[in-house]
Amino acid sequence: MIHWAGRIEKELEKVLQHVTGAQQMRSIYNEKKSQFEIKRNNPRDLVERVARDISKLLNSKRKALEKLAREAEQLQKEHVWQDGNPLETSSSLELEFVDDPNFKNKVNYSSSAVQIPTDIYKGSPVILNELNWTQALERVFIENRREDSSLRWQVFGSATGMTRYYPATPWRAPNKIDLYDVRRRPWYIQGASSPKDMVIIVDVSGSVSGLTLKLMKTSVVEMLDTLSDDDYVNVASFNEKAVFVVDCFRTLVQANVRNKKIFKEAVMRMQAKGTTDYKSGFTFAFEQLLNESNAPRANCNKMIMMFTDGGEDRAQEIFEKYNWPNKTVRVFTFSVGQHNYDVTPLQWIACANKGYYFEIPSIGAIRINTQEYLDVLGRPMVLAGTKAKQVQWTNVYQDALNQLILGVMGMSRLGANGYTFAIDPNGYVLLHPNLRPKPVTLDFLDAELQDSNKEEIRRQMIDGKSGQRKIKTLIKSVDEASHQYMKLNHDPKYLGLVLPTYSENHIKANLSDQILQVQCKYSWVYPTSFTLCLYYSVSLYCNDLELANNNTEFLLNFIALMEKVTPDSKQCDNLLLHNLILDTGIIRQLVEKVWKNKDLNTYGFLAVFAATDGGITRVFPNKAAETWEEDPEPFNATYYRRSLDNKGYIFRAPYRTARDELLNPENDTIGILVSTALEMTIGGKTIKPAVVGVKLDLEAWTDKFKILASNHTDSRQGSNTCGPNRGCEMDCEANSDDLLCYLIDDGGFLIMSNQKDDWNKVGMFFSDVDPYLMYALYNNSFYNSKQSFDYQSVCERMPNSEAGAAPRGVFVPTIADFANLAWWTSAAIIISCAFFCLFGVFFADEVDAEGIDSKERSCVMIQTQYFFSNLSSSYNILQDCGNCSRSVSVSLCRLIHAKRINNTNLLFVVAEKMPCNTCEIENQFSVKEEDPCKETPEARYRKGPSTCFDSNIAVRFSDNTTHEYPPYSEEKQEHYLALNLGAC
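What counts and how
- Residues numbered from 1 in each chain as written.
- Predicted model: local features only at pLDDT ≥ 70, side-chain atom pairs only at ≥ 80, totals over all residues.
- Heavy atoms only, no water.
- Helix = DSSP H or I, 4+ residues; strand = E, 2+ residues; numbered from the N terminus.
- Buried < 20%, exposed > 50% of the residue type's maximum accessible area, 1.4 Å probe, protein only.
- Polar contact = N/O pair within 3.5 Å; in protein donor to acceptor, adjacent residues only side chain to side chain.
- Salt bridge = Lys/Arg side-chain N within 4 Å of Asp/Glu carboxyl O.
- UniProt positions renumbered as here; feature names shortened; annotations may be inferred.
- Disulfide = S-S within 2.5 Å.
- Contact = heavy atoms within 4.5 Å.
- Axes fitted to C-alpha atoms, helices over the stretch in contact; angles between N-to-C directions.
- Parallel < 35°, antiparallel > 145°, perpendicular 65-115°, else oblique.
- Left-handed = near helix turned anticlockwise from the far one by under 90°.
- Nonpolar A, V, L, I, M, F, W, Y, C, P; charged D, E, K, R; others polar.
- Phe/Tyr/Trp six-rings, centres within 6.5 Å; stacked < 30°, edge-to-face > 60°.
- Lys NZ or Arg CZ within 6 Å of the ring centre and 35° of its normal.
- Expected span 1.5 Å × (residues − 1).
- pLDDT = per-residue confidence, 0-100.
- Pairing = 2+ DSSP bridges.

Regarding the overall build of the protein
Then, in step 1: On a plain count of helices and strands, the protein comes out with 27 helices and 39 strands.
Then, in step 2: A burial count over the protein gives 58% of its 984 residues as buried.

Considering helix 23 (residues 698-708)
Side chains three or four residues apart in an α-helix point the same way, a direct result of the helix having 3.6 residues per turn.
Then, in step 1: By the burial criterion, the buried members of helix 23 are Leu698, Trp701, Thr702, Phe705, Lys706, Ile707 and Leu708.
Then, in step 2: The distance from a side-chain oxygen at the start of helix 23 to the backbone nitrogen of Glu699 is 3.1 Å, and the residue carrying that oxygen is Asp697.

A look at the pattern of salt bridges
Then, in step 1: Counting across every chain of the model gives 34 salt bridges.
Then, in step 2: As a salt-bridge pair, Lys61 and Asp148 come within 3.0 Å of each other at their nearest N and O atoms. In this pair, Lys61 is assigned in helix 3 (residues 43-78) and Asp148 in the loop between helix 5 (137-147) and strand 5 (154-157), connecting sequence segments 87 residues apart. As far as the burial class goes, Lys61 and Asp148 line up, both buried.
Then, in step 3: A salt bridge links Asp746 to Arg642; the nearest nitrogen and oxygen atoms lie 3.2 Å apart. One end of the pair, Asp746, is in the loop between strand 26 (739-745) and strand 27 (750-753); the other, Arg642, is in helix 22 (residues 638-644), and 104 residues separate them in sequence.
Then, in step 4: Among the residues examined, Arg642 registers a relative accessible area of 1% and is labelled buried.
Then, in step 5: One connected set of salt bridges, linked through shared partners, spans Lys67, Glu71, Arg139, Glu143 and Glu147.

Some thoughts on the UniProt feature "coiled-coil region" (unreviewed entry) in the protein
Then, in step 1: The sites that carry the UniProt feature "coiled-coil region" (unreviewed entry) are, in the present numbering, residues 51-78.
Then, in step 2: When the span residues 51-78 is considered, its composition is 100% helix and 0% strand, and the gap between its end C-alpha atoms is 40 Å.

Here we look at the state of the cysteines
Then, in step 1: Tallied over the entire structure, the rule returns 2 disulfides.
Then, in step 2: Paired by a disulfide, Cys300 and Cys948 hold their sulfur atoms 1.8 Å apart. Its S-S torsion of about 95° marks the bond between Cys300 and Cys948 as right-handed, since a negative value means left-handed. Here Cys948 lies in strand 36 (residues 947-948) and Cys300 lies in the loop between helix 9 (278-290) and strand 11 (301-308), a separation of 648 residues in the sequence.

Some points on the side chain of Thr702
Then, in step 1: Relative to the helices and strands, Thr702 resides in helix 23.
Then, in step 2: From its side chain, Thr702 meets the backbone oxygen of Leu698 in a polar contact 2.7 Å long.
Then, in step 3: In this view, Thr702 contacts Met752 and Ser753; residues no more than four positions away in its chain are not counted.

Digging into the packing of helix 3 against helix 5
Then, in step 1: At their nearest, the axes of helix 3 and helix 5 sit 10 Å apart, and the two run at 165° to each other. Classified by the angle their axes make, helix 3 and helix 5 are roughly antiparallel. Considering the relative orientation of helix 3 and helix 5, their crossing is right-handed. Note on element contacts: helix 5 touches helix 3 through Leu137, Arg139, Val140, Phe141, Glu143, Asn144 and Glu147, opposite Ala64, Lys67, Leu68, Glu71, Ala72 and Leu75.
Then, in step 2: Class assignment of the residues belonging to the contact of helix 3 with helix 5 gives a composition of 7 nonpolar, 1 polar and 5 charged.

Some remarks on the packing of aromatic side chains
Describing an aromatic ring pair means giving the distance of the ring centres and the angle of the ring planes.
Then, in step 1: Counted by the stated rule, this structure contains 36 aromatic pairs.
Then, in step 2: Geometrically, the ring pair formed by Phe319 and Trp348 is tilted, given 6.4 Å between the ring centres and 55° between the ring planes. Of the two residues, Phe319 sits in helix 10 (residues 316-322) while Trp348 sits in helix 11 (residues 344-351), which places them 29 residues apart along the sequence.
Then, in step 3: Through a chain of ring-to-ring contacts, three or more aromatic side chains come together here, namely Phe238, Tyr278, Phe282, Phe286, Phe319, Tyr322, Trp324 and Trp348.
Then, in step 4: One cation-aromatic arrangement involves Arg145 over Tyr109; the distance from NZ or CZ to the ring centre is 3.8 Å.
Then, in step 5: Against the face of Trp701 rests Lys704, its NZ or CZ located 4.3 Å from the ring centre.

With respect to helix 9
Then, in step 1: In a regular helix each residue adds 1.5 Å, so 13 residues correspond to 18 Å; helix 9 covers 18 Å between its end C-alpha atoms and thus fits that length.
Then, in step 2: By the burial criterion, the buried members of helix 9 are Tyr278, Ser280, Gly281, Phe282, Phe284, Ala285, Phe286, Gln288 and Leu289.
Then, in step 3: Of the residues flanking the start of helix 9, the one acting as N-cap is Asp277, its side-chain oxygen 3.0 Å from the backbone nitrogen of Lys279.

Remarks on the environment of Gly355
Then, in step 1: Structurally, Gly355 is set in the loop between helix 11 and strand 13 (357-360).
Then, in step 2: Overall, Gly355 belongs to the buried group, its relative accessible area being 15%.
Then, in step 3: Considering only alpha carbons, one finds Gly355 and Val331, 24 residues apart in sequence, at a separation of 4.8 Å.
Then, in step 4: Those residues within four positions of Gly355 in sequence are excluded, and the remaining contacts are Val331, Phe332 and Ala350.

Thoughts on the side chain of Asn41
Then, in step 1: By the secondary structure assignment, Asn41 is in the loop between strand 1 (36-40) and helix 3.
Then, in step 2: On the basis of relative accessible area, Asn41 is assigned to the buried category, the value being 7%.
Then, in step 3: Within the local environment of Asn41, its side chain forms a polar contact with the backbone oxygen of Ser503, the two atoms lying 2.7 Å apart.

Section: the confidence of the model for the protein
Where the model shows low pLDDT, its predicted coordinates should not be examined in detail.
Then, in step 1: With 70% of its residues at a pLDDT of 70 or more, the protein has an overall mean of 76.
Then, in step 2: Scored below 50 in pLDDT, residues 477-482 shows 33 contacts in the model against residues more than four places distant or in partner chains.
Then, in step 3: Contacts of residues 797-854 to residues separated by more than four positions or lying in other chains number 252 contacts, the stretch itself having pLDDT below 50.

Examining the pairing of strand 22 (residues 617-620)
The side chains of a regular strand alternate between the sheet's two faces.
Then, in step 1: The two faces of strand 22 match: Thr617 and Val619 on one face and Arg618 and Phe620 on the other face are all buried.
Then, in step 2: Strand direction decides the pairing type here: strand 21 (residues 605-612) and strand 22, joined by 4 bridges, are antiparallel. What sits directly across from Ala610, in strand 22, is Arg618.
Then, in step 3: Counted between consecutive antiparallel strands, the loop separating strand 21 from strand 22 contains 4 residues, among which Gly615 sits at a positive phi close to 110°.

A look at the pairing of strand 26
Then, in step 1: With respect to burial, strand 26 is a largely interior element, 7 of its 7 residues being buried.
Then, in step 2: Neither face of strand 26 is left uncovered, since the one carrying Leu739, Cys741, Leu743 and Asp745 and the one carrying Leu740, Tyr742 and Ile744 both have all their residues buried.
Then, in step 3: Here strand 26 runs beside strand 35 (residues 906-912); their pairing, made up of 7 bridges, is antiparallel. By the bridge assignment for strand 35, Ile744 is matched with Leu907.
Then, in step 4: Where strand 26 and strand 27 come together, 3 bridges link them in antiparallel fashion. Residue Ile744 lies in a different strand from strand 27, and its bridge partner there is Leu750.

Rendered as structure tokens:
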């Protein structure tokens with residue numbers, strides 16, 4: 001077996017070096033040293049530059065928002081209330097819409113549009129008057145866009161529930177009831193009141209049954225939706241005694257998407273029994289709010305929300321003990337259902353504790369009455385005047401920010417695996433390559449792989465501290481990383497920069513105007529002696545480049561533009577463009593010197609390719625390029641990113657699951673991608689300027705694999721056929737009925753097999769191919785595992801057979817890819833600093849309605865993924881299958897050999913076939929029902945807003961001082977609550 005592994009290693013090394021031309025490519029770079037220099041990236045300079053650029057860009061958004069707020073206040077003051085129909089002279093408009101890729105929608109720039117929730121009467125005088133005076137905001141919307149063309153959606157959200165947004169676009173309402181309400185959007189909630197510590201207590205006594213219990217459950221769910229990431233909450237049910245609805249939530253927890261989902265599921269399981277005792281419920285709630293705890297809290301507004309069907313007890317002694325005379329906790333009471341109870345006690349409880357009383361007689365009253373308490377909490381903000389008019393930045397609409405920073409980072413040479421990230425005072429990422437649009441709250445420690453070093457980095461970023469440290473840590477990889485912190489100002493948003501070691505240096509091409517044009521003409525014209533395909537990202541580098549529907553037309557447009565470009569031209573980013581042209585010349589020489597002289601079929605290859613740091617991907621021959629499925633942008637391609645961070649050849653099969661359609665070997669061709677990074681040192685500086693590779697023909701290389709792992713001599717003579725009971729050695733070719741031979745990659749996915757039946761299993765996680773053999777490999781430390789939780793998943797429940805791993809063909813490689821010790825051994829530098837300008841801007845990528853039917857749902861996906869351990873030599877394993885036969889009560893075993901293939905990410909496994917069909921081994925890779933509490937991390941460090949508005953006459957600041965403000969009229973209060981505006 002050792003001999004076979006050696007033959008496989010030698011064959012792969014010889015053939016791949018010969019065909020890819022990696023060594024010749026190094027020589028070409030050395031020949032062209034006069035055309036480029038190696039420049040060093042300064043991480044501190046990079047992060048400061050990015051912060052300044054983002055500051056400048058977002059400052060314009062803040063100014064637009066402040067202008068919108070000022071104009072809205074003035075317009076409302078000047079508006080004269082009309083009791084009749086103030087819109088009776090108006091007529092609806094038939095608008096024409098045009099496609100705009102920036103909005104991913106059809107829009108009209110001349111008008112705004114309005115959305116009103118279904119449960120609000122559109123003909124009420126309040127709504128009609130508001131529609132009337134807000135019509136004048138269109139002028140402000142249009143002026144803002146004229147002054148800053150990068151603005152996206154501008155939104156006015158009213159306390160009445162009306163939304164006016166610009167530019168106008170058809171509202172994408174679902175077929176059923178449109179449940180969108182601006183007052184429940186995170187940005188509105190955070191702007192309408194200061195952070196809240198809330199305890200919800202629910203009466204589940206025997207009198208609460210049937211429809212009343214259903215109304216109560218729905219009301220609590222709706223109440224939870226009025227909370228944002230700045231709020232903390234707990235929920236308890238009570239009758240004679242109070243109990244936690246989520247047993248592991250023993251203190252208030254952050255009201256993020258994840259925790260609210262757990263609460264909602266628990267609330268829907270509540271059952272009614274026993275008798276009502278308000279004292280038990282209120283005692284529980286006060287002790288939750290007032291006890292001394294190290295758990296994080298909002299430490300601002302404190303409130304109790306009680307849902308009940310009614311009762312006579314006022315629980316006065318409880319309020320005297322815990323809340324009077326200071327009344328630091330507000331109490332809101334909700335009478336749920338239709339009944340004949342006296343509601344006076346509930347009204348007294350609310351009014352005696354600075355709260356409010358609401359009635360919810362039917363399902364139609366739930367949404368309105370579970371959010372009106374925000375009006376009460378908003379009054380202290382009104383009384384605070386201009387102090388409360390803080391522009392806020394939320395992490396809800398992050399995709400626009402992501403595109404914004406991508407534009408800023410275009411020149412910042414971070415490389416494929418370098419990236420920026422930003423967090424807010426909650427520790428949530430505003431920007432991160434692992435952040436997906438929905439759900440939108442993702443903690444930095446969930447975006448990365450959590451460890452103590454990351455926790456400290458997160459804490460120091462939130463605190464705005466300066467410092468530097470170098471650590472070895474998992475960053476969905478094994479990295480040695482240097483962390484440097486800079487406090488640019490006192491703004492509570494922070495920027496981080498990750499820079500792998502090989503990206504500390506980068507190529508800067510120095511091409512004269514003449515060389516540029518010559519390189520362009522000779523590199524981009526198709527030679528007649530061979531065919532090729534070229535992918536490029538030039539459109540990212542040149543503003544004036546005309547796009548086209550096909551490669552040929554695009555190529556001609558680019559050549560025409562290049563003839564006009566000079567070294568100091570402002571039309572293109574010259575650093576990136578010069579590197580692009582340099583790479584085309586290098587790739588062209590590689591093709592001429594190596595690729596075009598090779599008959600790929602002779603070597604069992606479907607294609608040969610190269611991708612460069614300058615943005616070029618070239619695939620040869622043209623026929624293979626037509627079916628190229630990898631991302632043409634190198635920085636986005638998984639194979640490119642993996643190869644940079646791994647020494648040797650990376651094999652990757654197309655990902656498959658047991659549910660995929662069967663392939664036919666006679667008609668379907670499966671290609672195995674093999675790639676490696678080109679590493680070289682010039683002037684003492686190490687760079688990785690390119691990745692080269694091939695696509696193997698699985699059928700051809702399976703035959704070669706079986707020959708290499710056989711008793712054939714090198715001249716392919718003298719094969720011996722052995723059986724399990726003969727005295728000679730069996731091999732993978734002649735004895736495939738008795739011997740299993742596999743090549744498995746570092747993530748536990750099947751790459752190659754000597755079994756005919758495994759043709760459709762290549763690319764599957766190996767536990768789906770042979771769970772008992774995978775168990776033996778894992779149990780004998782060939783693989784380690786790492787469990788993670790994907791809190792951003794939108795999915796259906798996955799079948800058991802797919803629990804072992806997740807697809808790897810995604811933008812960011814999986815834990816199995818990154819955690820492999822043979823992988824990211826390079827150092828990375830993480831720089832963090834304070835965001836310079838983020839008072840806050842509200843971004844929305846799409847105007848969309850809630851409640852759209854979908855087969856997909858938000859879920860927490862539990863992934864246990866596998867990676868190589870440190871074992872590097874060969875091992876023999878004797879697997880005891882136990883009493884695997886019902887008719888034979890003897891213990892049967894099989895012999896397994898395994899060895900790493902050097903300079904690759906492959907494990908070579910040879911095993912005897914199972915002595916019977918089943919084995920008494922626990923299935924390590926089956927899906928297990930998880931406790932939601934295990935999926936929820938412990939409370940994490942955060943910082944709430946520095947100012948708290950929780951009293952009608954005073955405002956508390958972080959230094960515990962109070963500032964008095966003169967009272968305002970009720971009209972002024974209502975006016976302020978209407979000014980929750982978003983501009984982006």
